[in-house]
Amino acid sequence: MADPRGFLKHARADAPKRPVDERLGDWQEVYAALSTEDRKAETSTQAARCMDCGIPFCHSGSAGCPLGNLIPEWNNMVRRGQWQDAAERLHATNNFPEFTGKLCPAPCEAGCVLAISPEAGGAVAIKRVEETIAEVGWANDYVTARLTEVHSGKRVAVVGSGPGGLAAAQQLTRAGHEVTVYERDDRIGGLLRYGIPEFKMEKSVLDRRLAQMRAEGTRFITGCEVGVDLTVEELRAGYDAVVLAVGALRGRDDTTIPGRDLKGVHLAMEHLVPANKECEGDGPTPISAQGKHVIILGGGDTGADCYGTATRQGALSVTQLDNYPQPPTTRDDDRSPWPTWPYILRTYPAHEEAGERKFAVAIEAFVGDDEGNVRAVRLREVKVQRDENGRRQVVPVSDEVQEIPCDLALLAIGFDGVEHMPLLDGLGISLTKRGTIGCGSNWETTAPGVFVCGDAHRGASLVVWAIAEGRSVASAVDAHLTGASQLPSPVHPTALPLAV
C-alpha cells in the first residue's frame, strides 16, 4: 500500500544537474553523479509521492506508458527499499528501462493524477525513479543474461538495431529462436548510437545492454545493408521470418527557401551523426560548429540535440527558431486537458546552457558570401495556419526583415518516413502515403513472413513506443513460427496516444 499522503509530505524534485560551465567542457551526461546511497534515498522520497491511484493513468496505453509499465508497483517497492524486486518488476514490461529513463519525454508523467492541478505539486518524478531502478539494478548485478533452455530451430532476421529492433531481437532470442540483427552502420544501436548525443546518454549504457544480449545468444552483424550486401534471396533462404526495424530516417527538407543550396546548410542528422562518431573516437567531424554562428530551424527534440552539440563544439552563438508562438509554461486545459500530452514550453538542459530561442519566426532566405558559403539568415515574423484543404501554411505577418549572422544552419524539421531502399523493392513492399511500412493486425507486411515495427511502421516517434512495438512484433513473430506465443504484446498496430 502506498503512502496516500506522500505527495503532501514531499515536493517533486528532479535529478540535480552538473554546473553549466562544467558540462559544456565535456560530453558526459548532464546530471550530477551521486553516491548510490544518496541516489537511492532521494529517489525513495520521490517514489513516496505516488498514491497508487485507483485508476493509474500513468501506465494506460493511450494516456500514459504504451509499454504498460507497472509504475505504482515499482514506486511502492522503491519507497520500501525493495530495489531488486523493483528492478524485476520494471524489466517485466520494459527491456531497456535505462534507455527510456534517460531519453523518454515521459507521457506517464503527463498522465499522473498529480499532474491534474499545479496545487498537487506536479507529477511524480516517474522518469527519475525508473532510471534509478535501472542503474541500481546494473550496479548490484540484478540485471543478468537470461538464457533459454528450449530452442525452436527457427531463424529470425531483424533488420535495424534501434530500440524497436533490439527489443524484438531480445524477446525472440529469449523465446528460443536464433536471432541475427543486421545493421548497415559500423556499430549497433541505430539512432541510440548516432542520433542521441553523448550528453543525453553515454554510449557505455548502450554497450552494456548489447553485451547482455550477446550473452543471451543474439547475433549482431554490422556494415551490412540488407538488400545489397545480403540479397533478398539470401535473406529469404536463410531465415524463417524477418522483422523490419529500419526506422524513419528520411529527413524533411525545405528546398523552397532561397539559398538552401549554400555551403553550410545541412539537415540535422548530417551534423549529429558525425559528431557522435567523433565521440566514438572516429576522428574530427567534418561539420563542426566551432567558432560559428549556428542557426537551428525546428523546435523539437532533434533541434535540442543539435543545440547542445553545437554549444559543446564551441559555437560563437546558437539560435533555435520555431514557426509556432511560444507555448505556455503550464497546461491549458481547454487545449490539452489532462491526461493528454500537454502543449507547454519544453526546456531541455541544452537550453539552460547557452544561446537563445526565437518563436513565431521563419527563415525567408539564407544569405551567402562570394564563395557560396552561408553567412546570414533573413527572418520574418509568421503565423501557422491551415488552408481550405487542411494543409499547413506558414504566413508572414510583418514586412520587417531581421538579418542575423549564420555560418552553420541545421534543419531539424522532422522526418518524412522510411528511406527508399533496395530491400523494400526486393520484398515488393510499397510505402504508405505517410512514408511508412504498413502491416496487418498481426504486424505482418504485404510480404509473407516479413513483419515491421518501430518508426518504420509508426513514423518518427518516441523511444518508448519503439520498444513497445518491438515487444509486440516479437509476440506476433513467435506465434507465426510456433502457432502460439506467451510473449507480451503491449500495443496493437493501430494504437495511438490519447490526443485532442
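Just so you know, these numbers come straight off a predicted model, no measurement behind them.

Quick notes on the rules
Residues numbered from 1 in each chain as written. Predicted model: local features only at pLDDT ≥ 70, side-chain atom pairs only at ≥ 80, totals over all residues. Heavy atoms only, no water. Helix = DSSP H or I, 4+ residues; strand = E, 2+ residues; numbered from the N terminus. Buried < 20%, exposed > 50% of the residue type's maximum accessible area, 1.4 Å probe, protein only. Contact = heavy atoms within 4.5 Å. UniProt positions renumbered as here; feature names shortened; annotations may be inferred. Pairing = 2+ DSSP bridges. Axes fitted to C-alpha atoms, helices over the stretch in contact; angles between N-to-C directions. Domains from an automatic or database assignment. Buried area = accessible area lost by both parts, 1.4 Å probe. Core = buried A, V, L, I, M, F, W, Y, C linked by side-chain atoms within 4.5 Å. Arc of directions from axis to C-beta. 1 Å grid on protein atoms, 1.4 Å probe; cavity = no way out; pocket = protein on both sides within 12 Å on 5 of 7 lines; lining within 4 Å. Points joined across faces, edges and corners; volume = space filled by probe spheres on them. Nonpolar A, V, L, I, M, F, W, Y, C, P; charged D, E, K, R; others polar. Left-handed = near helix turned anticlockwise from the far one by under 90°. Right-handed = clockwise from strand over helix to strand, strands pointing away.

Now for the overall build of the protein. Helices and strands together make up the secondary structure of the protein, namely 17 helices and 14 strands. Dimensions along the principal axes, computed over C-alpha positions, put the protein at roughly 70 × 65 × 50 Å. Per-residue burial for the protein yields a buried fraction of 51% across its 500 residues. Here the analysis covers contacts within the protein between residues at least 6 apart in sequence; of these, 69% occur between residues at least 24 apart.

Moving on, we come to the UniProt feature "domain: FAD/NAD(P)-binding" (unreviewed entry) in the protein. Here the UniProt-annotated "domain: FAD/NAD(P)-binding" (unreviewed entry) positions come out as residues 155–470. The span residues 155–470 is 25% helical and 23% strand by assignment, and the distance between its end C-alpha atoms comes to 17 Å.

We now examine the sheet that holds strand β2 (residues 178–182). The sheet built from five strands is open, its strands ordered β3-β2-β1-β4-β14 with parallel pairing. Single-partner strands in this sheet number two, and they are β3 (219–221) and β14 (450–452). The sheet shows a mean angle of 20 degrees between the axes of neighbouring strands, taken without regard to direction. Here three bridges tie strand β4 (residues 241–244) to β14, and the two strands are oriented parallel to one another. What sits directly across from Leu244, in β14, is Val452. Against the sheet, helix α9 (residues 163–174) contacts β1 (155–159), β2, β3 and β4, and its axis sits at roughly 165 degrees relative to β2.

Glancing now at the domain arrangement of the protein. The domain boundaries assigned to the protein delineate domain 1 (6–140), domain 2 (155–249 + 421–482) and domain 3 (254–413). Here the C-alpha centroids of domain 1 and domain 3 sit 30 Å apart. Between domain 1 and domain 3, the contact holds 19 residues from the first and 14 residues from the second. Together, the buried faces of domain 1 and domain 3 total about 1,500 Å²; carbon and sulfur atoms form 67% of this surface. Looking only at domain 1, the three residues that lose the most surface to domain 3 are Leu24, Trp27 and Ala110, adding up to 40% of its buried area.

Quick look at the nonpolar core now. Membership of the largest hydrophobic core comes to 65 residues, with the highest contact counts inside it found for Ile133, Leu166, Val243 and Val477. Shared between two domains, this core takes at least three residues from each, and those domains are domain 1 (6–140) and domain 2 (155–249 + 421–482). With sequence-adjacent residues up to four places away left out, Val477 is seen in contact with Val156, Leu172, Ala241, Val243 and Phe451. Tyr182, Cys224, Val226 and Leu424 belong to the second-largest nonpolar core, a separate cluster that totals 23 residues.

Our next topic: the sheet that holds strand β7 (residues 317–322). Read across the open sheet, the five strands follow the order β5-β13-β6-β7-β8; overall the sheet is parallel. Pairing within the sheet leaves two strands with one partner each, and these edge strands are β5 (265–267) and β8 (356–359). Averaged over all pairs of adjacent strands, the angle between their axes in this sheet comes to 20 degrees, without regard to strand direction. Here helix α13 (residues 268–279) sits on the sheet in contact with β5 and β13 (408–411), set at roughly 75 degrees to β5.

Here we come to helix α5 (residues 83–91). Along α5, the residues classified as buried are Trp83, Ala86, Ala87, Leu90 and His91. Viewed along the axis of α5, the buried residues span an arc of 125 degrees, placing them on a single side of the element.

Moving on, we get to the UniProt feature "domain: Dihydroprymidine dehydrogenase" (unreviewed entry) in the protein. Following the UniProt record, the feature "domain: Dihydroprymidine dehydrogenase" (unreviewed entry) maps to residues 29–139 here. Taken end to end, residues 29–139 has its terminal C-alpha atoms 18 Å apart, with 50% of it in helix and 0% in strand.

Moving on, we get to the layout of surface pockets. Empty space left among the atoms is revealed by rolling a probe the size of a water molecule over them. Put simply, the second largest pocket is a space of about 290 Å³. Residue lining of the second largest pocket: 17 residues in total, with Arg146, Gln171, Arg174, Ala175 and Leu487 positioned closest to the centre. Among the elements of the structure, α9 and α17 (463–482) are those that each provide at least two residues to the lining of the second largest pocket. For the lining of the second largest pocket, the per-class residue count stands at six nonpolar, seven polar and four charged. No fewer than three residues from each of domain 1 (6–140) and domain 2 (155–249 + 421–482) sit in the lining of the second largest pocket.

Between α9 and α17, whose axes approach to 7 Å, the crossing angle comes to 35 degrees. Here α9 and α17 pass one another in a crossing that is right-handed. Along the contact surface, α9 presents Pro163, Gly164, Ala167, Ala168, Gln171 and Leu172, while α17 presents Val463, Ala466, Ile467, Gly470, Arg471, Val473, Ala474, Val477 and Asp478. Looking at the contact of α9 with α17 residue by residue, the classes come out as ten nonpolar, three polar and two charged.

When you tally the buried positions in strand β6 (residues 293–297), you get four out of five residues, the bulk of the element. Looking at chain direction, β6 and β7 are connected through five bridges and run parallel. If you follow His293 over to β7, its bridge partner there is Ser317. Taken together, β6, helix α14 (residues 301–313) and β7 constitute a β-α-β crossover, and its handedness is right-handed. Note: β6 against β13, four bridges, orientation parallel. Opposite Val294, over in β13, you have Leu408 as the bridge partner.

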